[in-house]
Amino acid sequence: MNKPLLAALSTLAIAGAGVTPAVAAPQAAPQAAAVTVDFAGIVSLSNCSGSVIRFPNSTDTAPALVMTNGHCLETGFPEPGEVITGQSSSRTFGLLNSAGTKVATLRANQVVYSTMTDTDVTIYRTTTTYAAIKSAYGISPLTVSATHPTAGTAIKVVSGYWKTIYSCSIDGFVYRLKEGDWTWKDSVRYTSACNTIGGTSGSPVIDTSTGQVVAVNNTGNEDGETCTENNPCEVSENGTVTVREGINYAEETYNIPACFTSANVLALSASTCTLPKP
């Protein structure tokens, strides 16, 4: 897992050579204009990063939610197979504006959902609403996409802890990502430019064409070890294990919106909710 105050992960160099074609290539289809991605709605935690998030159907008067990693939970890493819901919390978050300046302190009153099984996510409920945050600070939440991300998509990983934005693309998806005792499903693998470091855990991964959150940053292989803590390995559907030293990963978030009502109440029993249950 990406912990705070660790040395930066080495960037995996990818070399390639191309040959200029003798005939002009067909003109590429126009790309969607990228949206501006900055620090508005990003939060800093005591040991990690996070963001104020909403779902496509969340109402403005719903309690504002903050998303980070399961392994950023203040009471320690959830055990394999453990799902925490409704746990009391008074954790605070530094709310950043577009320039990365802290403009407010948000406070949680509940850990709505936290797990490191299949995914690596914690969602806090705060004591305020989206409407109140918007009125006081002019800051809107980030919307979590309800659609599976696509390989090749340009992304930005925005860290509130370091006030740093990493830019790269989704390189592909990992059937199973195993790290120590934990296993995550259908993880996002970055191209090497996103050389995230300790403290970036919980950063939202933002699709630059939509401005929506498609994943939450969580780990990277630091030393080239196989499946050990801080050295996740990729496991294919047929069991093949691959180690990519210096490459970093995130956990998809598209399946989370189906597990919440418009009032941001957790609804794990919903027929379309696939998150792990207690």
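Residues numbered from 1 in each chain as written. Predicted model: local features only at pLDDT ≥ 70, side-chain atom pairs only at ≥ 80, totals over all residues. Heavy atoms only, no water.

*Asks:* Got a minute to help me understand the overall build of the protein chain in this structure?
*Replies:* Looking only at helices and strands, one finds one helix and 16 strands in the protein chain. Looking at the protein chain residue by residue over its 278 residues, the buried ones come to 49%. (Helix = DSSP H or I, 4+ residues; strand = E, 2+ residues; numbered from the N terminus. Buried < 20%, exposed > 50% of the residue type's maximum accessible area, 1.4 Å probe, protein only.)

*Asks:* Explain the layout of surface pockets here, please?
*Replies:* Here the idea is plain: a probe the size of a water molecule rolls over the atoms and shows the empty space left. Looking at the largest pocket, its volume works out to about 200 Å³. Every residue lining the largest pocket is listed: Asp 118, Thr 119, Lys 185, Asp 186, Glu 251, Glu 252, Tyr 254, Asn 255, Thr 274 and Pro 276. Elements with a minimum of two residues in the lining of the largest pocket: strand E11 (182-190) and strand E16 (248-252). If you add up the space inside the second largest pocket, you get close to 180 Å³. (1 Å grid on protein atoms, 1.4 Å probe; cavity = no way out; pocket = protein on both sides within 12 Å on 5 of 7 lines; lining within 4 Å. Points joined across faces, edges and corners; volume = space filled by probe spheres on them.)

*Asks:* Would you mind showing me how to read empty space enclosed by the protein here?
*Replies:* Throughout the structure, instances matching the rule amount to one cavity of 30 Å³ or more. Here the largest cavity is characterised by a volume of approximately 30 Å³. Lining the largest cavity are Val 52, Leu 95, Tyr 130, Ile 133, Ile 139, Ser 140 and Pro 141. Of the residues assigned to the lining of the largest cavity, the class counts are six nonpolar, one polar and no charged. (Nonpolar A, V, L, I, M, F, W, Y, C, P; charged D, E, K, R; others polar.)

*Asks:* Can you help me understand the nonpolar core in this one?
*Replies:* The nonpolar side chains of a soluble globular protein tend to be buried with one another. Counting residues in hydrophobic clusters, the biggest one holds 45 residues, and the most contacted among them are Val 52, Leu 65, Met 67, Phe 93, Leu 95, Ile 256 and Phe 260. Broken down by element, this core gets its largest block of residues, six residues, from strand E6 (residues 102-115). Residues in contact with Phe 93, not counting those within four places in the same chain, are Val 43, Ser 44, Leu 45, Val 66, Ala 104, Thr 105, Leu 106, Arg 107, Ala 108 and Tyr 124. Counting 13 residues, the second largest nonpolar core, distinct from the first, contains Tyr 190, Cys 194, Val 214 and Ala 215. (Core = buried A, V, L, I, M, F, W, Y, C linked by side-chain atoms within 4.5 Å. Contact = heavy atoms within 4.5 Å.)

*Asks:* Would you mind showing me how to read the confidence of the model for the protein chain here?
*Replies:* For residues with low pLDDT, the predicted coordinates do not support detailed interpretation. Looking at the protein chain, the pLDDT average stands at 91 and 89% of residues meet or exceed 70. Residue range residues 4-30 is modelled with pLDDT below 50. Its contacts to residues more than four positions away, or to other chains, number 26 contacts. (pLDDT = per-residue confidence, 0-100.)

*Asks:* I'm lost on the state of the cysteines in this one. Help?
*Replies:* Here a disulfide denotes a covalent bond joining the sulfur atom of one cysteine to the sulfur atom of another. Applying the stated rule across the entire model yields four disulfides. Two residues, Cys 168 and Cys 194, share a disulfide whose sulfurs are 2.1 Å apart. On the sign convention where negative means left-handed, the S-S torsion of about -100° between Cys 168 and Cys 194 marks this disulfide as left-handed. Here the residue Cys 168 occupies a position in strand E10 (residues 164-179), and Cys 194 occupies one in the loop between E11 and strand E12 (204-207), the gap between them amounting to 26 residues. There is no split in this pair, since Cys 168 and Cys 194 are both buried. (Disulfide = S-S within 2.5 Å.)

*Asks:* What exactly am I supposed to notice about the pairing of strand E5 (residues 92-96) here?
*Replies:* Successive residues of a regular strand alternate their side chains across the two faces of the sheet. Among the five residues of E5, four are classified as buried, and the element is accordingly described as predominantly covered. Relative to E5, strand E1 (residues 42-44) runs antiparallel, the two sharing two bridges. If you follow Ser 44 over to E5, its bridge partner there is Gly 94. The pairing of E5 with E6 spans five bridges and is antiparallel. Among the inter-strand pairings, Thr 92 is bridged to a residue of E6, identified as Arg 107. The antiparallel pairing of E5 with E6 creates a hairpin that spans five residues between the two strands, and Gly 100 there sits at a positive phi of about 90°. (Pairing = 2+ DSSP bridges.)

*Asks:* I keep staring at the side chain of Thr 117 and nothing clicks. Help me out?
*Replies:* With respect to the helices and strands, the residue Thr 117 is situated in the loop between E6 and strand E7 (121-129). Overall, the relative accessible area of 17% leaves Thr 117 in the buried class. A polar contact is formed between the side chain of Thr 117 and the backbone nitrogen of Gly 81, at a distance of 2.6 Å. Leave out the neighbours within four places in its chain, and Thr 117 touches Glu 79, Pro 80, Gly 81, Glu 82, Thr 183 and Pro 276. (Polar contact = N/O pair within 3.5 Å; in protein donor to acceptor, adjacent residues only side chain to side chain.)

*Asks:* Is there a simple way to explain the pattern of salt bridges in this structure?
*Replies:* Side-chain pairing between opposite charges can occur once the charged atoms of the two side chains come close. Counted according to the given criterion, the structure contains six salt bridges. Its salt-bridge partner being Arg 54, residue Asp 60 comes within 2.9 Å of it at the nearest N-O pair. When its relative accessible area of 45% is taken as the criterion, Asp 60 is described as partly exposed. Residues Arg 91 and Glu 74 are paired through a salt bridge, measuring 3.8 Å at the closest nitrogen-oxygen approach. (Salt bridge = Lys/Arg side-chain N within 4 Å of Asp/Glu carboxyl O.)

*Asks:* Explain the environment of Ala 258 here, please?
*Replies:* Mapped onto the elements, Ala 258 comes out in the segment after E16. Look at Ala 258 and you get partly exposed, because its relative accessible area is 30%. With 12 residues separating them along the chain, Ala 258 and Ala 270 place their C-alpha atoms 7.4 Å apart. Here Ala 258 is in contact with Ala 270, Thr 272 and Cys 273, once residues within four sequence places are set aside.

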